[in-house]
Amino acid sequence: MWKWLTDTTYTWGFLGRVLAKTMAVLAICNIAYLLVPPDAINSFSLYNSVFPGRVRFPREVSSTSQSLTALFNSHVISQVTDKPDSEYRVFILGDSAAWGFLIPPQKTLAAALDQRHAFTSDGRQITAYNLANLRPNALKDLAILDYAMQYEPDMVLWMVTHHTLFDHEFNRNELLQANQPQINALVERYDLHTHPSGTIANPQQSQPMWMHTLFPQAEALGNALNLQLLGFYYTLSGTDHDVNIAYSPLPNDFSANPTYINYQPGDINQDHYFDNVANAIVQRASPVPVIIINEPIQISTGENSDVHYNRQYPRWVYDNYRQIMFEFADANDWNYVDLWDAVPRHQFTNSPIHIAPEAVEPLTDQLLEIVIDYSTTEGET
């Protein structure tokens, strides 16, 4: 079994030369990869050619590339660059509720709005694109909008909830971490690190050169490849996640404890919310109007429902948030619509913000009314 160790063909010198050549090849591969533009691997995409373009970004956040380039190249929006004059293009930004968790991709709010084949008052057909990306985070939405502006929207519907602007763990988002150069540029451009809460730090320093070589980037390469491989499943199944995932019904009864994370009533004020990021989104889209929509939440009716709206929000937190949002909207001249109670309690699924499929059409009615109203007002100004 160990005869090869004593075989004259395989001397230690021979093994040393093999090892040296192997190391040399690996070094050349690393140097060669270093010469490749940083986002080149994410520029390659089989979507919109071999595979159909996705109608929303992939759900598999932890195992696919979160590069903005990769996400947009997988999305159907990347193939509709020549916008006809007859189209009124609406982008929907937001979190997993706007994305449509546990709802098929062809039946989300964006899809339902698009399928209405409605027209603005000046005769343009309203087309909607789902650019939501799971977790609520305003800085993430700013980064997506910044990239998406090249596709010429006519209106942006930005679906928000309390956590979208709240500063608790604000920087903990996969898309922010995967797009640091772009995020740093946005932080600098809009002076976002000066927010009173101090949660948005100064732009991070550039990574050392060796971090851009092959081995440190192995995970990023794997995620980019996985996004392409998932195109087979997307093409064959027509969906991007299992909408029949089992989940427990949302509770309707709660304790009398009003604690929220580590906060007690009265602990949260305006300085805990990033209105400066919201202002950056409005500014980045200008002159395209941004309609900020406070998305629906579940409103419980059971025990201690006078203390908690749902398992996520004590009443004092959410009531305070709504009041602050109205104050922000008035002070900053936002286009703001509050739809917090637009969906009945029983039409939510596994989260107090995830609407059930039967709630999509009624909520789409309200979104369509908003689009038509604001597009008409825009045309009159």
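Residues numbered from 1 in each chain as written. Predicted model: local features only at pLDDT ≥ 70, side-chain atom pairs only at ≥ 80, totals over all residues. Heavy atoms only, no water.

1. Focus on the overall build of the protein chain
Put simply, the rule is: Think of it this way: any DSSP run of H or I at least four residues long counts as a helix, any run of E at least two long counts as a strand, and we number them from the N terminus. Any two residues having at least one pair of non-hydrogen atoms within 4.5 Å are treated as being in contact. Computed by Shrake-Rupley with a 1.4 Å probe, the accessible areas treat only the displayed protein chains as cover when residues are assessed.
Looking only at helices and strands, one finds 14 helices and five strands in the protein chain. Once local pairs closer than 6 in sequence are excluded, the contacts in the protein chain between residues at least 24 apart make up 80%. Just so you have it, the protein chain exposes about 18200 Å², and 55% of that area is on carbon and sulfur atoms.

2. Side note on the pattern of salt bridges
Filter applied, for reference: We define a salt bridge as a contact between a side-chain nitrogen of Lys or Arg and a carboxyl oxygen of Asp or Glu at a distance within 4 Å. Note on classification: 1.4 Å probe, protein chains only; a residue is buried when its accessible area is under 20% of the maximum for its type, exposed when over 50%, partly exposed between these limits.
For the coordinates displayed, the defined rule picks out 12 salt bridges. As a salt-bridge pair, Asp365 and Arg116 come within 2.8 Å of each other at their nearest N and O atoms. In this pair, Asp365 sits in helix 14 (residues 360–380) while Arg116 sits in the loop between helix 6 (109–115) and strand 2 (125–130), placing the two residues 249 residues apart along the sequence. The partner of Arg135 in a salt bridge is Glu174, with the nearest N and O atoms 3.5 Å apart. Of the two residues, Arg135 is situated in the loop between strand 2 and helix 7 (138–148) and Glu174 in helix 9 (residues 174–178); the sequence distance between them amounts to 39 residues. In this structure Glu174 comes out as partly exposed when scored by relative accessible area, which is 28%.

3. Focus on the environment of Pro352
Relative to the elements of secondary structure, Pro352 occurs in the loop between strand 5 (335–338) and helix 14. Distance in space between the C-alpha atoms of Pro352 and Gln298 is 4.8 Å, their sequence separation being 54 residues.

4. A look at the layout of surface pockets
The cut-off we apply is this: Residues are said to line a cavity or pocket when one of their atoms sits within 4 Å of a point; the points come from a 1 Å grid over protein atoms alone, cavities being sets where a 1.4 Å probe fits but cannot get out and pockets being open sets with protein on both sides within 12 Å along at least five of seven lines. Grid points are joined across faces, edges and corners, and a volume is the space filled by probe spheres set on the points. Lys, Arg, Asp and Glu make up the charged group, whereas Ala, Val, Leu, Ile, Met, Phe, Trp, Tyr, Cys and Pro make up the nonpolar group; the residues left over, Gly among them, are polar.
Considering only enclosed or pocket space, the second largest pocket measures out at about 280 Å³ in volume. For the second largest pocket, the full set of lining residues is Arg135, Pro136, Asn137, His163, Phe166, His168, Glu169, Phe170, Arg172, Asn173, Glu174 and Gln177. Classifying every residue of the lining of the second largest pocket by side-chain character gives three nonpolar, five polar and four charged.

5. Some points on the packing of helix 7 against helix 12 (residues 275–285)
How we decide: Interaxial angles span 0 to 180 degrees and are taken between N-to-C directions of axes, which are lines fitted to C-alpha atoms, for helices over the stretch in contact. Angle categories: roughly parallel below 35 degrees, roughly antiparallel above 145, roughly perpendicular from 65 to 115, and oblique for all the rest.
Helix 12 packs onto helix 7 with a crossing angle of 10° between their chain directions and a minimal axis gap of 9 Å. Here helix 7 is positioned roughly parallel relative to helix 12, judged by the angle of their axes. Where helix 7 approaches helix 12, its residues Ala138, Leu139, Asp141, Leu142, Leu145 and Asp146 are matched on the opposing element by Val277, Ala280, Ile281, Arg284 and Ala285. Residues that form the contact of helix 7 with helix 12 fall into these classes: eight nonpolar, no polar and three charged.

6. Here we look at the sheet that holds strand 5
Cut-off, in case you're wondering: For two strands to be treated as a pair, DSSP must find no fewer than two bridges joining them.
Here we have five strands laid out as an open sheet, ordered 2-1-3-4-5, and parallel in their pairing. Each having just a single partner strand, strand 2 and strand 5 make up the two edges of the open sheet. Taken over all neighbouring pairs, the strand axes of this sheet differ in orientation by 25° on average, direction set aside. Across five bridges, the pairing between strand 3 (residues 155–160) and strand 4 (residues 290–294) is parallel. Pairing of Val160 across the sheet is with Asn294, part of strand 4.

7. So, the nonpolar core
Operational definition: What is meant by a nonpolar core is a set of buried Ala, Val, Leu, Ile, Met, Phe, Trp, Tyr and Cys residues, joined one to another through side-chain atoms within 4.5 Å.
Within the largest apolar cluster, 62 residues are counted, with the highest numbers of intra-cluster contacts made by Phe72, Leu131, Leu142, Trp158, Leu192 and Met325. Among the elements that line this core, the one with the most residues is helix 13 (residues 315–332), at eight residues. In this structure Leu192 touches Leu139, Leu142, Leu186, Val187, Ile200, Asn276, Val277 and Ala280, once residues within four positions along its chain are discounted. With 35 residues, the next largest nonpolar core counts Leu113, Val337, Phe348 and Ile370 among its residues.

8. Overview of the pairing of strand 2
Extensive coverage of strand 2 is indicated by the burial of five of its six residues. In this sheet, strand 2 lies alongside strand 1 (residues 87–93) in parallel orientation, the contact comprising six bridges. Directly across from Arg89, in strand 2, lies its bridge partner Thr127.

9. Thoughts on the packing of aromatic side chains
To describe a pair of aromatic rings, one takes the distance between the centres and the angle between the planes. Formally: Any two of the Phe, Tyr and Trp rings considered here, Trp counted by its six-membered ring, make a pair once their centres fall within 6.5 Å; the pair's planes then place it as stacked at under 30 degrees, edge-to-face at over 60, or tilted in between. Working rule: Lys NZ or Arg CZ, within 6 Å of ring centre, within 35 degrees of ring normal, means a charge sits over the ring.
All told, the structure shown has 18 aromatic pairs when counted by the stated rule. Ring geometry for Phe326 and Tyr336: centres 5.4 Å apart, planes at 90°, overall edge-to-face. One end of the pair, Phe326, is in helix 13; the other, Tyr336, is in strand 5, and 10 residues separate them in sequence. Overall, Phe326 belongs to the partly exposed group, its relative accessible area being 39%. Under the relative-accessibility criterion, Tyr336 is labelled buried at 13%. One aromatic cluster is present, built from ring pairs that chain together Phe166, Tyr260, Tyr263, Tyr273, Tyr309, Tyr313, Tyr318, Tyr321 and Trp340. It is Arg54 that lies over the ring of Tyr234; its NZ or CZ is 5.1 Å from the centre. A cation over a ring is seen here: Arg56 above Trp99, with NZ or CZ 3.7 Å from the ring centre.

10. Quick notes on the side chain of Arg54
Quick note on the threshold: Throughout this description, a polar contact denotes any pair of N or O atoms lying within 3.5 Å of each other; where both atoms belong to protein, one of them has to be capable of donating a hydrogen while the other can accept it, and for residues adjacent in sequence the pair is counted only when both atoms sit in side chains.
With respect to the helices and strands, Arg54 occurs in the loop between helix 3 (40–43) and helix 4 (68–74). By relative accessible area, which is 2% here, Arg54 ends up buried. A polar atom in the side chain of Arg54 sits 3.3 Å from the side chain of Tyr47. Once residues lying within four places of it in the same chain are set aside, the contact partners of Arg54 are Tyr47, Glu60, Ser74, His75, Val76, Leu227, Leu230, Tyr234 and Asp240.

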